[in-house]
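# Survey of secondary and tertiary structure
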Amino acid sequence: MIQFSQDVMIKPAQTSWFWVDDEDNELVPLESQSLYREDWLGLKKLNEAGRLEFLVCPGQHCPTTEYSIVVEHFAQLIATHWQFDHLEPIISNTYRTIAEQFQKHIQITTQKADRDSTEQHFFRVKVSSDDRMDLDILHAQIFGAIQAHTEGNLPLAWDRLADKLGRPALESYIKNKTLEHCPLSSDLVSSVCLQQRARQLSSEMEDYIHVNLENIYNQLDNQVLPELLQKTSQDLVNVLNYFNRIFSFRDNERFSLSVIPWKQEKEETSLKSKLIPLLLAHNDDHPTDFFSHYACLSRA
(Lines give C-alpha, C1' and ligand atoms only; values in the text may rest on other atoms or scores of the structure.)
Protein backbone atom coordinates (compact mmCIF):
# COMPACT_ATOMS: atom_id res chain seq x y z
CA MET A 1 0.00 0.00 0.00
CA ILE A 2 1.43 3.33 -1.08
CA GLN A 3 0.98 6.70 0.60
CA PHE A 4 2.25 9.91 -1.01
CA SER A 5 3.95 12.31 1.38
CA GLN A 6 2.43 15.44 -0.20
CA ASP A 7 -0.89 13.99 -1.32
CA VAL A 8 -3.60 16.60 -1.95
CA MET A 9 -5.91 14.19 -3.76
CA ILE A 10 -6.51 11.71 -0.93
CA LYS A 11 -7.15 13.24 2.49
CA PRO A 12 -6.07 12.24 5.00
CA ALA A 13 -3.17 10.55 3.24
CA GLN A 14 -3.29 7.60 5.68
CA THR A 15 -6.52 6.39 4.07
CA SER A 16 -4.24 5.00 1.36
CA TRP A 17 -3.29 2.46 4.04
CA PHE A 18 -6.96 1.75 4.88
CA TRP A 19 -6.90 3.97 7.98
CA VAL A 20 -10.34 5.36 8.87
CA ASP A 21 -11.83 8.03 11.14
CA ASP A 22 -13.62 6.90 14.29
CA GLU A 23 -16.59 8.71 15.87
CA ASP A 24 -14.18 11.19 17.49
CA ASN A 25 -12.53 11.93 14.13
CA GLU A 26 -9.38 10.14 15.25
CA LEU A 27 -7.52 8.02 12.71
CA VAL A 28 -7.70 4.28 13.36
CA PRO A 29 -4.84 2.19 11.88
CA LEU A 30 -5.73 -0.80 9.74
CA GLU A 31 -4.48 -3.31 12.34
CA SER A 32 -6.97 -1.96 14.92
CA GLN A 33 -10.02 -2.45 12.71
CA SER A 34 -12.37 -5.43 12.44
CA LEU A 35 -11.65 -5.31 8.71
CA TYR A 36 -8.11 -6.47 9.52
CA ARG A 37 -8.58 -8.48 12.72
CA GLU A 38 -11.34 -10.62 11.19
CA ASP A 39 -9.50 -10.66 7.87
CA TRP A 40 -12.44 -9.63 5.70
CA LEU A 41 -10.21 -8.94 2.68
CA GLY A 42 -7.30 -11.27 3.39
CA LEU A 43 -5.00 -8.39 4.39
CA LYS A 44 -4.10 -9.98 7.73
CA LYS A 45 -3.09 -13.20 6.02
CA LEU A 46 -0.97 -11.25 3.52
CA ASN A 47 0.70 -9.29 6.32
CA GLU A 48 1.48 -12.38 8.37
CA ALA A 49 3.03 -13.92 5.28
CA GLY A 50 5.22 -10.83 4.82
CA ARG A 51 3.51 -9.88 1.58
CA LEU A 52 1.86 -6.62 2.71
CA GLU A 53 3.99 -3.47 2.79
CA PHE A 54 3.16 0.07 3.86
CA LEU A 55 5.23 2.45 1.75
CA VAL A 56 5.59 6.23 1.64
CA CYS A 57 6.57 7.80 -1.66
CA PRO A 58 7.78 11.39 -1.86
CA GLY A 59 5.70 13.93 -3.74
CA GLN A 60 2.08 14.14 -4.78
CA HIS A 61 -0.44 11.57 -5.91
CA CYS A 62 -0.38 12.93 -9.45
CA PRO A 63 2.69 13.68 -11.55
CA THR A 64 4.32 17.03 -10.81
CA THR A 65 5.38 17.39 -14.43
CA GLU A 66 2.94 18.63 -17.03
CA TYR A 67 0.41 16.18 -18.43
CA SER A 68 -2.61 16.48 -20.70
CA ILE A 69 -6.16 16.58 -19.38
CA VAL A 70 -9.26 15.56 -21.32
CA VAL A 71 -11.29 18.73 -20.98
CA GLU A 72 -14.69 17.11 -21.48
CA HIS A 73 -14.08 14.61 -18.68
CA PHE A 74 -12.67 17.37 -16.47
CA ALA A 75 -15.75 19.56 -17.09
CA GLN A 76 -18.07 16.67 -16.20
CA LEU A 77 -16.28 16.08 -12.89
CA ILE A 78 -16.21 19.77 -11.92
CA ALA A 79 -19.88 20.22 -12.86
CA THR A 80 -20.82 17.19 -10.76
CA HIS A 81 -18.80 18.56 -7.84
CA TRP A 82 -20.56 21.92 -8.01
CA GLN A 83 -23.96 20.33 -8.49
CA PHE A 84 -23.82 18.03 -5.47
CA ASP A 85 -21.40 19.77 -3.08
CA HIS A 86 -22.56 23.36 -3.58
CA LEU A 87 -25.80 23.80 -5.50
CA GLU A 88 -27.85 20.95 -4.02
CA PRO A 89 -27.46 22.25 -0.43
CA ILE A 90 -28.39 25.75 -1.61
CA ILE A 91 -31.46 24.46 -3.45
CA SER A 92 -32.57 22.42 -0.42
CA ASN A 93 -32.12 25.45 1.82
CA THR A 94 -34.06 27.55 -0.68
CA TYR A 95 -37.08 25.23 -0.57
CA ARG A 96 -36.98 25.02 3.22
CA THR A 97 -36.57 28.79 3.68
CA ILE A 98 -39.47 29.57 1.35
CA ALA A 99 -41.73 27.04 3.08
CA GLU A 100 -40.87 28.61 6.45
CA GLN A 101 -41.55 32.09 5.09
CA PHE A 102 -44.90 30.96 3.68
CA GLN A 103 -45.93 29.82 7.14
CA LYS A 104 -45.22 33.35 8.41
CA HIS A 105 -47.23 34.91 5.58
CA ILE A 106 -50.24 32.64 6.09
CA GLN A 107 -51.89 33.22 9.46
CA ILE A 108 -54.59 30.94 10.81
CA THR A 109 -56.48 31.98 13.93
CA THR A 110 -59.40 30.60 15.91
CA GLN A 111 -62.24 33.10 16.07
CA LYS A 112 -65.98 33.30 16.69
CA ALA A 113 -68.77 35.52 15.46
CA ASP A 114 -70.28 38.25 17.61
CA ARG A 115 -74.01 37.73 17.13
CA ASP A 116 -74.92 40.94 18.95
CA SER A 117 -73.52 43.02 16.14
CA THR A 118 -75.44 43.80 12.98
CA GLU A 119 -72.20 43.29 11.10
CA GLN A 120 -70.55 39.96 11.70
CA HIS A 121 -66.98 40.34 12.89
CA PHE A 122 -64.50 37.99 14.50
CA PHE A 123 -62.19 38.09 17.48
CA ARG A 124 -59.78 35.63 19.10
CA VAL A 125 -61.18 33.41 21.81
CA LYS A 126 -59.74 31.41 24.66
CA VAL A 127 -60.21 27.66 24.54
CA SER A 128 -59.85 24.89 27.09
CA SER A 129 -56.64 22.88 27.35
CA ASP A 130 -58.25 19.86 25.66
CA ASP A 131 -59.58 21.99 22.85
CA ARG A 132 -56.22 23.72 22.60
CA MET A 133 -54.52 20.38 22.07
CA ASP A 134 -56.95 19.53 19.26
CA LEU A 135 -56.45 22.96 17.73
CA ASP A 136 -52.68 22.62 17.91
CA ILE A 137 -52.90 19.29 16.11
CA LEU A 138 -55.03 20.84 13.39
CA HIS A 139 -52.68 23.80 13.09
CA ALA A 140 -49.72 21.43 12.75
CA GLN A 141 -51.54 19.47 10.05
CA ILE A 142 -52.40 22.63 8.16
CA PHE A 143 -48.87 24.00 8.32
CA GLY A 144 -47.55 20.60 7.28
CA ALA A 145 -49.83 20.85 4.26
CA ILE A 146 -48.45 24.33 3.51
CA GLN A 147 -44.88 23.03 3.58
CA ALA A 148 -45.69 19.99 1.43
CA HIS A 149 -47.63 22.12 -1.06
CA THR A 150 -44.83 24.69 -1.29
CA GLU A 151 -41.93 22.27 -1.55
CA GLY A 152 -43.89 20.20 -4.06
CA ASN A 153 -44.34 23.15 -6.43
CA LEU A 154 -40.94 24.79 -6.07
CA PRO A 155 -38.86 22.22 -8.01
CA LEU A 156 -40.95 22.88 -11.12
CA ALA A 157 -40.38 26.62 -10.81
CA TRP A 158 -36.67 26.12 -10.09
CA ASP A 159 -36.18 23.88 -13.13
CA ARG A 160 -37.87 26.47 -15.30
CA LEU A 161 -35.68 29.32 -14.04
CA ALA A 162 -32.36 27.54 -13.48
CA ASP A 163 -31.53 26.08 -16.88
CA LYS A 164 -28.14 27.88 -16.82
CA LEU A 165 -27.26 26.03 -13.61
CA GLY A 166 -28.18 22.60 -14.94
CA ARG A 167 -25.49 20.01 -15.62
CA PRO A 168 -25.28 20.57 -19.42
CA ALA A 169 -24.91 24.34 -19.00
CA LEU A 170 -22.32 23.99 -16.22
CA GLU A 171 -20.28 21.49 -18.22
CA SER A 172 -20.35 23.73 -21.28
CA TYR A 173 -19.28 26.79 -19.27
CA ILE A 174 -16.40 24.93 -17.56
CA LYS A 175 -15.22 23.39 -20.81
CA ASN A 176 -15.19 26.72 -22.65
CA LYS A 177 -13.48 28.59 -19.79
CA THR A 178 -10.84 25.91 -19.34
CA LEU A 179 -10.05 25.83 -23.06
CA GLU A 180 -9.93 29.62 -23.07
CA HIS A 181 -7.23 29.69 -20.38
CA CYS A 182 -5.22 26.47 -20.81
CA PRO A 183 -5.59 24.99 -24.30
CA LEU A 184 -3.32 22.29 -25.68
CA SER A 185 -5.74 21.28 -28.43
CA SER A 186 -9.48 21.34 -29.08
CA ASP A 187 -10.08 18.67 -26.43
CA LEU A 188 -6.99 18.77 -24.18
CA VAL A 189 -5.74 21.25 -21.58
CA SER A 190 -2.53 21.62 -19.59
CA SER A 191 -2.29 20.35 -16.00
CA VAL A 192 0.35 22.92 -15.03
CA CYS A 193 -1.75 25.75 -16.43
CA LEU A 194 -4.82 24.47 -14.57
CA GLN A 195 -2.87 24.43 -11.33
CA GLN A 196 -1.67 27.98 -11.94
CA ARG A 197 -5.12 29.24 -12.95
CA ALA A 198 -7.11 27.25 -10.37
CA ARG A 199 -8.12 30.24 -8.25
CA GLN A 200 -8.98 32.37 -11.27
CA LEU A 201 -11.08 29.62 -12.84
CA SER A 202 -12.78 28.88 -9.54
CA SER A 203 -13.52 32.58 -9.04
CA GLU A 204 -15.01 32.86 -12.53
CA MET A 205 -17.12 29.78 -11.84
CA GLU A 206 -18.39 31.28 -8.59
CA ASP A 207 -19.22 34.55 -10.35
CA TYR A 208 -21.16 32.68 -13.03
CA ILE A 209 -23.19 30.78 -10.42
CA HIS A 210 -23.59 33.88 -8.24
CA VAL A 211 -25.06 35.93 -11.11
CA ASN A 212 -27.46 33.17 -12.11
CA LEU A 213 -28.57 32.52 -8.53
CA GLU A 214 -29.28 36.22 -8.05
CA ASN A 215 -31.38 36.19 -11.20
CA ILE A 216 -33.30 33.13 -10.01
CA TYR A 217 -33.95 34.59 -6.56
CA ASN A 218 -35.09 37.91 -8.01
CA GLN A 219 -37.58 36.11 -10.25
CA LEU A 220 -38.77 33.97 -7.35
CA ASP A 221 -39.23 37.01 -5.11
CA ASN A 222 -40.93 39.18 -7.72
CA GLN A 223 -42.95 36.74 -9.82
CA VAL A 224 -43.12 33.11 -8.75
CA LEU A 225 -43.61 33.33 -4.99
CA PRO A 226 -46.38 35.97 -4.94
CA GLU A 227 -48.39 33.75 -7.31
CA LEU A 228 -47.54 30.56 -5.41
CA LEU A 229 -48.49 32.15 -2.09
CA GLN A 230 -51.83 33.24 -3.52
CA LYS A 231 -52.51 29.79 -4.95
CA THR A 232 -51.50 28.12 -1.68
CA SER A 233 -53.82 30.37 0.32
CA GLN A 234 -56.70 29.68 -2.08
CA ASP A 235 -56.18 25.94 -1.66
CA LEU A 236 -56.11 26.40 2.10
CA VAL A 237 -59.49 28.11 2.10
CA ASN A 238 -61.06 24.82 1.03
CA VAL A 239 -59.14 22.95 3.72
CA LEU A 240 -60.26 25.39 6.42
CA ASN A 241 -63.85 25.27 5.23
CA TYR A 242 -63.70 21.50 5.61
CA PHE A 243 -62.32 21.78 9.14
CA ASN A 244 -64.93 24.39 10.03
CA ARG A 245 -67.71 22.06 8.86
CA ILE A 246 -66.38 18.93 10.55
CA PHE A 247 -64.99 20.28 13.83
CA SER A 248 -66.89 22.49 16.23
CA PHE A 249 -65.09 23.37 19.43
CA ARG A 250 -67.61 25.92 20.64
CA ASP A 251 -70.63 27.68 19.21
CA ASN A 252 -69.70 29.80 16.21
CA GLU A 253 -65.97 29.09 16.54
CA ARG A 254 -64.10 28.67 13.32
CA PHE A 255 -60.71 28.88 11.70
CA SER A 256 -59.98 32.13 9.92
CA LEU A 257 -57.31 32.67 7.27
CA SER A 258 -55.38 35.85 6.60
CA VAL A 259 -52.53 36.25 4.14
CA ILE A 260 -49.69 38.76 4.20
CA PRO A 261 -48.73 39.45 0.56
CA TRP A 262 -45.28 38.33 -0.54
CA LYS A 263 -43.38 41.57 -0.91
CA GLN A 264 -39.71 41.90 -0.09
CA GLU A 265 -39.18 45.62 0.45
CA LYS A 266 -35.90 45.32 2.33
CA GLU A 267 -32.74 43.89 0.82
CA GLU A 268 -31.88 41.98 4.01
CA THR A 269 -35.14 40.02 3.82
CA SER A 270 -34.70 38.90 0.21
CA LEU A 271 -33.92 35.31 -0.68
CA LYS A 272 -30.58 36.19 -2.25
CA SER A 273 -29.34 37.94 0.89
CA LYS A 274 -30.20 34.87 2.99
CA LEU A 275 -29.05 32.07 0.70
CA ILE A 276 -26.25 33.20 -1.61
CA PRO A 277 -23.68 33.41 1.25
CA LEU A 278 -23.95 29.60 1.42
CA LEU A 279 -22.23 29.53 -1.97
CA LEU A 280 -18.98 30.75 -0.45
CA ALA A 281 -18.87 28.32 2.48
CA HIS A 282 -15.58 26.60 1.70
CA ASN A 283 -11.99 26.88 2.90
CA ASP A 284 -9.24 28.91 1.24
CA ASP A 285 -7.50 25.88 -0.27
CA HIS A 286 -10.68 24.54 -1.85
CA PRO A 287 -10.12 25.87 -5.41
CA THR A 288 -6.61 24.47 -5.85
CA ASP A 289 -7.44 21.23 -4.04
CA PHE A 290 -10.44 20.21 -6.09
CA PHE A 291 -8.93 21.40 -9.39
CA SER A 292 -5.83 19.28 -8.70
CA HIS A 293 -7.98 16.34 -7.68
CA TYR A 294 -10.18 16.35 -10.77
CA ALA A 295 -7.33 17.21 -13.11
CA CYS A 296 -5.55 14.08 -11.93
CA LEU A 297 -8.67 11.98 -12.56
CA SER A 298 -8.98 13.42 -16.08
CA ARG A 299 -5.52 12.57 -17.38
CA ALA A 300 -5.44 11.73 -21.08
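Overview of the structure. Remember, predicted model here, so these are calculated numbers, not experimental data.

Its place among the elements puts D39 in the loop between α1 (34-37) and α2 (43-48). Overall, D39 belongs to the partly exposed group, its relative accessible area being 26%. For D39, the residues in contact, after removing those within four places along its chain, are S34, K44 and K45. Of note is the side chain of D39, whose polar atom sits 3.2 Å from the backbone nitrogen of G42.

The next point concerns a negative patch on the surface. Judged by side-chain charge, D21, E23, D24 and E26 come together as a negatively charged surface patch. With respect to the element layout, D21 can be found in strand β2 (residues 20-21). When its relative accessible area of 45% is taken as the criterion, D21 is described as partly exposed.

Take the side chain of N212 next. Tracing the backbone through its elements, the reader meets N212 in helix α7 (residues 198-246). Of the residues examined, N212 reaches a relative accessible area of 12% and is grouped as buried. Among all residues touching N212, those that are not within four sequence positions of it are K164 and L165.

Let's shift gears to the packing of aromatic side chains. Counted by the stated rule, this structure contains three aromatic pairs. Between F102 and W262, the ring centres sit 5.5 Å apart and the planes meet at 65°, which makes this aromatic pair edge-to-face. Placement of the pair is F102 in helix α3 (residues 71-105) and W262 in the loop between β9 (253-259) and α8 (271-275), with a sequence separation of 160 residues. A relative accessible area of 0% places F102 in the buried class. Residue classification places W262 among the buried residues on the basis of a relative accessible area of 7%. The lysine or arginine in question, R299, covers the ring of Y67, its NZ or CZ lying 6.0 Å from the ring centre.

With that settled, the discussion passes to the packing of α3 against helix α5 (residues 167-181). Two numbers describe how α3 lies on α5: the axes approach to 8 Å, and their chain directions differ by 130°. Viewed along their axes, α3 and α5 adopt a mutual orientation that is oblique. The way α3 lies across α5 gives a crossing that is right-handed. Across the interface between the two elements, V71, E72, F74, A75, Q76, I78, A79, T80, Q83, F84 and L87 of α3 pack against R167, L170, E171, I174, K175, T178 and L179 of α5. Taken together, the residues of the contact of α3 with α5 break down into 10 nonpolar, four polar and four charged.

In this structure the tally under the stated criterion is one disulfide. Here C182 is linked by a disulfide to C193, with a sulfur-sulfur distance of 2.0 Å. Its S-S torsion of about -70° marks the bond between C182 and C193 as left-handed, since a negative value means left-handed. Taken as a pair, C182 in the loop between α5 and β8 (188-190) and C193 in helix α6 (residues 191-196) lie far apart in primary sequence, 11 residues in all. Overall, the relative accessible area of 14% leaves C193 in the buried class.

Conventions we followed
All residue numbers refer to positions counted from 1 along the written sequence of the respective chain. With the structure being a predicted model, the display of local features is reserved for residues of pLDDT at least 70 and the display and counting of side-chain atom pairs for 80 or more, all residues being used for whole-chain, interface and lining totals. The side-chain figures draw on all heavy atoms in the structure; neither hydrogens nor water molecules are used. Only DSSP runs of H or I reaching four residues or more are called helices, and only runs of E reaching two or more are called strands; each is numbered from the N terminus. Note on classification: 1.4 Å probe, protein chains only; a residue is buried when its accessible area is under 20% of the maximum for its type, exposed when over 50%, partly exposed between these limits. In what follows, residue pairs with any heavy atoms lying within 4.5 Å of each other are defined as contacts. Nitrogen and oxygen atoms within 3.5 Å of one another constitute a polar contact, given that in protein one can donate a hydrogen and the other can accept it, and given that sequence-neighbouring residues count only through two side-chain atoms. Patches were defined on residues exceeding 30% relative accessible area and lacking a salt bridge, with like-charge contacts within 9 Å and nonpolar side-chain contacts (Val, Leu, Ile, Met, Phe, Trp, Tyr) within 5 Å. For the accessible areas, the method is Shrake-Rupley and the probe is 1.4 Å, while residue cover comes only from the protein chains on display. Whenever a carboxyl oxygen of Asp or Glu lies within 4 Å of a side-chain nitrogen of Lys or Arg, that contact is scored as a salt bridge. The charge count includes Lys and Arg as positive and Asp and Glu as negative, but it does not include His or the ends of the chains. To locate a charge, take atom NZ for lysine, CZ for arginine, CG for aspartate or CD for glutamate. Stacked, edge-to-face and tilted are the three classes for Phe, Tyr and Trp ring pairs, Trp counted by its six-membered ring, which pair at centre distances within 6.5 Å; planes under 30 degrees apart are stacked, over 60 edge-to-face, the rest tilted. The rule is short: NZ of Lys or CZ of Arg within 6 Å of the ring centre and within 35 degrees of the ring normal puts a charge over the ring. Comment: axis = line fitted to C-alpha atoms, over the contacting stretch for helices; angle = value between 0 and 180 degrees taken between N-to-C directions. Reported orientations rely on four angle classes, namely roughly parallel under 35 degrees, roughly antiparallel over 145, roughly perpendicular from 65 to 115, and oblique for the rest. Handedness of a crossing follows from how the near helix is turned relative to the far one, being left-handed for an anticlockwise turn of less than a right angle and right-handed for a clockwise one. Lys, Arg, Asp and Glu make up the charged group, whereas Ala, Val, Leu, Ile, Met, Phe, Trp, Tyr, Cys and Pro make up the nonpolar group; the residues left over, Gly among them, are polar. A pair of sulfur atoms, both from cysteines and within 2.5 Å, is called a disulfide here.

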